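Per-entry structural report
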Amino acid sequence: MNTKKDERKIQLEYLDRGLVAVATTEGVFLSWRLLGNEVTGYSENGLIGNDFNVYRNDTLIATVSDSTNFLDKEGTSSSAYHVCAVEDGQEVDKSKLVTPWKHAYYDLPLQKPADGVTPAGETYTYSANDMSVGDIDGDGQYEFFVKWDPSNSKDVSQKGYTGNVFIDCYKFDGTLLYRIDLGVNIRAGAHYTQFMVYDFDGDGKAEMMMKTAPGTKIINVDKNGEVLSENYITIPQEDKDAGYTHQDDYRMSSKDYFHYIINLFMGWHEHEEVMNGNWPKTLEACFGIDNLYEYPLSFEDATKLATYFIDEYAPSRHQRNNLRDFEGFILEGPEYLSIFEGETGQELETIPYKPGRHEDGLMWGDYAMPRIEPGNRVDRFLAGVAYLDGEKPYAIFARGYYTRAAIVSYSWDGRQLQEYWAMDSGWTPMNNPFNDNPHPRDGTSKEFGSITNQGAHSLSVADVDGDGKQEIIYGSATIDHDGTVLYSSKDVMPEQSAAPGTIAKLGHGDTLHVANIDPDRPGLEIFMVHENGRWAPYGYTLRDAATGEVLLGEYADEDRDRGIIGDVDPEHRGLETWANGFGLKTAKGEQISMDAPGTNMNIKWSGDMTTQIVEGAINETPSIVDWKKGCLLTATDTQTNNGTKGNPCLVADIFGDWREELLVRKTDSSAIRIYINTEITNRKLYTLMHDAQYRTGIAWQNTVYNQPSYPSFYFASDIDWANVPIPNYWAPRLEKTLK
């Protein structure tokens, strides 16, 4: 039966009824929210809670008890609707009045930033990218946060200048409230900026938190989008004293980088790893050439060695090591973490980003592999939101997951950011920072060193051990709610691998999903696809989320990168899993087909609680595809984001019943098109936003390689309603309403 874990109440959002009306060929479709606090039990077909009276033009037309949607066959495009919840025969909580959308989508107008030109003279344009939602004014309705990416946005492994990144906040009617310009010292790309939108202090209004730098500013606009004011974030006093200003530009030209290497070499004798005897005393020994110079190196000798390194040594390691053209990276200068008021964009506090980069990536292993990539491993950022104490949300900000992984959690009390806990794997030791393989090694921290090279290009948040407090699933490792390592998963390397019989970490991967995948097992499972090929035990794994034990897995001799989960074949119990090259499998590992659905993004779209897939990448038109029924929706005149990743701007349950909406950008980025499913469903479930695991998942969905959000319970066509937990929560405005 439905149970509450304990009497502690978790802080969730006050949400209004979320009523929407859509004109269809059969009439007007209506959909609204059941709130978590309105649930009283369950039946065979859904949860039991409030009934709802439906009004058209102030006339009662229906009472709905078995769902939260209705088709008004007599409705027209000029009809006006509201619903009222019914408690003990009395109407309560009258919704706002709505009129029908003309289509099964709504276009949220955007104000596109102007084109720009890089220092290299290259022109770039803008397109809408990742999104998030939050209620910034406490009225129970979501506002929309949109990240603008320039056309020259880069992966951390790609050289070149990028344009500035912007974050806009819009009302549902398209009113732009403000724009945050991250400035020239934040590079554009999926790995660099994650923005966490959440009500961190419990005042009923969302804040936004993200990484910033000198040059970041808040642009306030009027109702017509005209600029009213521009205000830079606050540079901490110690940085002011050191001479840092908002006019600083730390983007490196190729000439700047050459001089950077010269300065590095001139200080080689004083490097901490050289002085500690961990690295060779001379650069010549690092490069495998005869010792030619005396240390400390003079400027002239350092220049000669820098020339040799860039023009001869680096190209000899890999044909793509063209460091003469290395430009556009930000390898120096202050880095900050800022929190902004969601309603106005006002900066609330700015603190140094922890941990700092330390340097350009030498200690991170960016020069050690054959492919030399300064600014790569050092600039891998992750972020999330987690209920670490089971009651209030904490912000999670992280750096690195290959050769160092550091994670810090923060609380916000409305006045000050407070560090809750911090963990750091330490560096992975290297014998030669210019020729080594540090990835398989543990970091230097005895407590946290095991998590190196275990992270993914995303993270997940869930209560994996059932204690009511959420953990951070950091790829193949999981961090307990108190900041300790719950586990770091390893297994035996198979015969066909590079090191048969040895124990190896499961390792890094692109794809990570945490859900109740197998309903016949207690707790949650983790499905992850791994990248390390012959140097990893598996190409994919299904693990017990509480212990990290591998339940299922298959070896792969190459990186398989993509994979996903969902109830795409309701003939089989549990959520199906699939990864590139392995085909479609049941939750218990039985092969269904060597064919499989796409892997870009899934969506809870259908009224029968099966899972659908969002298809379409690069210039393809996005669509929603059902594995059994085929194409259900073609999102004409829209596009997905992030190249081959094919990510929508957002997939989330933002209004209406429990089904998710699809948010994609129009091809010209003039609007965000929000699609809603107008299929009637008789399944009654509270809004997914009142499940803490799902809600935090929506907050971190914009992190690096976007992943779907999953509720804490088994969500599928054969859902057992007795096992759907009733949320035990409080919401700021709800508390005031009940007093």
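Residues numbered from 1 in each chain as written. Predicted model: local features only at pLDDT ≥ 70, side-chain atom pairs only at ≥ 80, totals over all residues. Heavy atoms only, no water.

A closer look at the overall build of the chain
Applied cut-off: Here a helix means four or more residues in a row that DSSP labels H or I, a strand means two or more in a row labelled E, and each is numbered from the N terminus. The quantity called the radius of gyration is restricted to C-alpha atoms. Its globule counterpart is 2.2 Å times the number of residues to the power 0.38. Partly exposed residues are those whose accessible area sits between 20% and 50% of the maximum for their type, while under 20% is buried and over 50% is exposed, using a 1.4 Å probe and protein chains only. Contact between two residues is taken to exist if any of their heavy atoms lie within 4.5 Å; hydrogens are not considered. Method for areas: the Shrake-Rupley scheme with a 1.4 Å probe, in which residue coverage is limited to the protein chains shown.
Regarding its fold elements, the chain presents 7 helices and 50 strands. Rg of the C-alpha trace for the chain: 26 Å, near the compact-globule value of 27 Å for 739 residues, within the 12% margin. C-alpha extents for the chain along the principal axes are approximately 90 × 65 × 45 Å. Within the span of the chain, comprising 739 residues, buried residues form 63% of the whole. Of the contacts formed within the chain by residues at least 6 apart in sequence, a portion of 60% connects residues at least 24 apart. For the chain, the exposed surface amounts to about 27000 Å²; the carbon and sulfur share of it is 45%.

Focus on empty space enclosed by the protein
Defined as follows: Think of a 1 Å grid over just the protein atoms. A cavity is a set of points where a 1.4 Å probe fits yet cannot get out, a pocket is an open set with protein on both sides within 12 Å along at least five of seven lines, and lining residues have an atom within 4 Å of a point. Grid points are joined across faces, edges and corners, and a volume is the space filled by probe spheres set on the points. Three classes are used: nonpolar for Ala, Val, Leu, Ile, Met, Phe, Trp, Tyr, Cys and Pro, charged for Asp, Glu, Lys and Arg, and polar for all others, with Gly counted as polar.
For the structure on display, the rule yields 7 cavities of 30 Å³ or more. Lining the largest cavity are 14 residues, and of these Arg562, Thr599, Asn600, Asn706 and Gln707 lie nearest its centre. Listed by contribution, the elements that provide at least two residues to the lining of the largest cavity are strand E34 (511-515) and strand E38 (563-566). For the lining of the largest cavity, a count of residues per class yields 3 nonpolar, 8 polar and 3 charged.

Section: the side chain of Asn600
For Asn600, the position within the fold is in the loop between strand E41 (591-593) and strand E42 (601-603). Judged by relative accessible area, which is 12%, Asn600 ranks as buried. Asn600 has contacts with Arg562, Val614, Glu615, Gly616, Ala617, Thr644, Lys645, Gly646 and Asn647, leaving out every residue within four places of it along the chain.

A few points about the UniProt feature "domain: Rhamnogalacturonan lyase family 11 C-terminal" (unreviewed entry) in the chain
To keep it simple, the criterion reads: UniProt positions are given in the numbering used here, feature names are shortened, and annotations may be inferred rather than shown by experiment.
UniProt's entry tags residues 105-230 and 321-723 with the feature "domain: Rhamnogalacturonan lyase family 11 C-terminal" (unreviewed entry), counted in the numbering of this structure. End-to-end, the C-alpha atoms of residues 105-230 are 34 Å apart, and along that stretch the chain is 0% helix and 44% strand. Secondary structure within residues 321-723 divides into 2% helix and 31% strand; the distance between the first and last C-alpha atoms comes to 55 Å.

Section: the sheet that holds strand E30 (residues 477-479)
This is how it is decided: In this analysis, strands are considered paired if DSSP registers two or more bridges between them. Axis lines are fitted through C-alpha atoms, for helices just across the contact stretch, and the angle between N-to-C directions can take any value from 0 to 180 degrees.
The 4 strands lie next to each other as E28-E29-E30-E31, forming an open sheet whose pairing is antiparallel. The open sheet terminates on both sides in strands that have one partner only, identified here as strand E28 (460-462) and strand E31 (485-488). Across the sheet, the mean angle separating the axes of adjacent strands is 20 degrees when strand polarity is ignored. Relative to strand E29 (residues 471-474), E28 runs antiparallel, the two being bridged by 3 bridges. Paired with Ala462 across the strands is Glu471, a residue of E29.

Section: the pairing of strand E3 (residues 27-31)
Counting buried residues in E3 gives 5 out of 5 residues, a clear majority hidden from the surface. Direction of pairing for strand E2 (residues 20-24) relative to E3: antiparallel, over a ladder of 5 bridges. Residue pairing across strands places Ala23 opposite Val28, the latter belonging to E3. Turn length for the E2-E3 hairpin, with the two strands adjacent in sequence and antiparallel, is 2 residues. Alignment of E3 against strand E8 (residues 69-72), held across 4 bridges, turns out to be antiparallel. Residue pairing for E8: Ser31 is matched across the bridge by Asn69.

Some words on the sheet that holds strand E18 (residues 196-198)
To summarise the sheet geometry, strands pair through backbone hydrogen bonds and adopt either a parallel or an antiparallel arrangement. In spatial order, the strands read E18-E19-E22-E23; together these 4 strands make up an open sheet with antiparallel pairing. Of all the strands in the sheet, the pair left with one neighbour each is E18 and strand E23 (347-352). Adjacent strand axes in the sheet meet at a mean angle of 15 degrees when their direction is disregarded. Where E18 lies against strand E19 (residues 207-212), 3 bridges are found, and the strand directions are antiparallel.

Things to note about the environment of Trp427
Examined against the element boundaries, Trp427 turns out to sit in the loop between strand E27 (417-424) and E28. Here Trp427 falls in the buried class, since its relative accessible area comes to 16%. The sequence separation of Trp427 and Gly539 amounts to 112 residues, and the corresponding C-alpha distance is 26 Å.

Re the pattern of salt bridges
Our working definition: Whenever Lys or Arg places a side-chain nitrogen within 4 Å of a carboxyl oxygen from Asp or Glu, that contact is recorded as a salt bridge.
Counted by the stated rule, this structure contains 42 salt bridges. Note that Lys211 is salt-bridged to Glu335, the shortest N-O span being 3.2 Å. Of this pair, Lys211 sits in strand E19 while Glu335 is found in the loop between helix H5 (299-317) and strand E22 (336-341), placing the two residues 124 residues apart along the sequence. Residue Lys211 is classed as buried on the basis of its relative accessible area, which comes to 10%. Here Arg377 ties to Asp366 by a salt bridge, and the two come within 3.1 Å at their closest N and O atoms. Remark: Asp366 occurs in the loop between E23 and strand E24 (381-386) and Arg377 occurs in the loop between E23 and E24; sequence separation between them is 11 residues. The class of Arg377 is buried, set by a relative accessible area of 9%. In this structure Asp366 comes out as buried when scored by relative accessible area, which is 0%. When salt bridges that share partners are traced, they join Lys211, Glu335, Arg357, Asp379 and Arg399 into one network.

Remarks on the UniProt feature "domain: Rhamnogalacturonan I lyase beta-sheet" (unreviewed entry) in the chain
According to UniProt, the positions carrying the feature "domain: Rhamnogalacturonan I lyase beta-sheet" (unreviewed entry) are residues 11-101. For residues 11-101, helix accounts for 0% and strand for 47%, while the C-alpha atoms at its two ends are 33 Å apart.

What about helix H2 (residues 254-266)?
To keep things clear, this is the line we draw: In this analysis, the expected span of each helix is defined as 1.5 Å times one less than the number of residues it contains.
In this model H2 runs 19 Å from its N-terminal to its C-terminal C-alpha over 13 residues, within 8% of the 18 Å that 1.5 Å per residue would give. Turning to H2, its buried residues are Tyr257, Phe258, Tyr260, Ile261, Ile262, Leu264 and Phe265. Where H2 is buried, its residues touch helix H4 (283-287) and H5.

Focus on the side chain of Arg543
Using the following cut-off: Counting rule for charge: Lys and Arg are taken as positive, Asp and Glu as negative, and neither His nor the chain ends is counted. Identification of polar contacts relies on pairs of N or O atoms within 3.5 Å, with a donor-acceptor requirement for protein atoms, meaning one able to donate a hydrogen and the other able to accept it, and with residues adjacent in sequence counted only if both atoms are side-chain atoms.
For Arg543, the location among the structural elements is in strand E36 (residues 540-544). One buried charged residue, Arg543, remains without a salt bridge, the closest side chain of opposite sign being Asp544 at 8.8 Å. Here Gly475 takes part through its backbone oxygen, which lies 2.9 Å from a polar atom of the side chain of Arg543.

A few points about the packing of aromatic side chains
Put simply, the test is: Whether two aromatic rings pair depends on their centres lying within 6.5 Å, for rings of Phe, Tyr and Trp, where Trp uses its six-membered ring; planes under 30 degrees apart make the pair stacked, over 60 edge-to-face, and the rest tilted. The criterion for a charge sitting over a ring is simple: Lys NZ or Arg CZ within 6 Å of the ring centre, and within 35 degrees of the ring normal.
Taken as a whole and assessed by the stated rule, the structure comprises 37 aromatic pairs. Ring centres of Phe287 and Phe434 lie 5.1 Å apart, and the angle between their planes is 70 degrees; this geometry places the pair in the edge-to-face category. In this pair, Phe287 is assigned in helix H4 and Phe434 in the loop between E27 and E28, connecting sequence segments 147 residues apart. Judged by relative accessible area, which is 6%, Phe287 ranks as buried. Judged by relative accessible area, which is 0%, Phe434 ranks as buried. Within the aromatic cluster, the residues linked to one another by ring pairs are Phe265, Trp268, Trp279, Phe287, Tyr308, Phe309, Tyr313, Tyr367 and Phe434. The ring of Phe582 carries Arg560 above its face, with NZ or CZ at 4.7 Å from the centroid. Positioned above the aromatic ring of Trp658 is the side chain of Arg659, whose terminal nitrogen or guanidinium carbon lies 5.8 Å from the ring centre.

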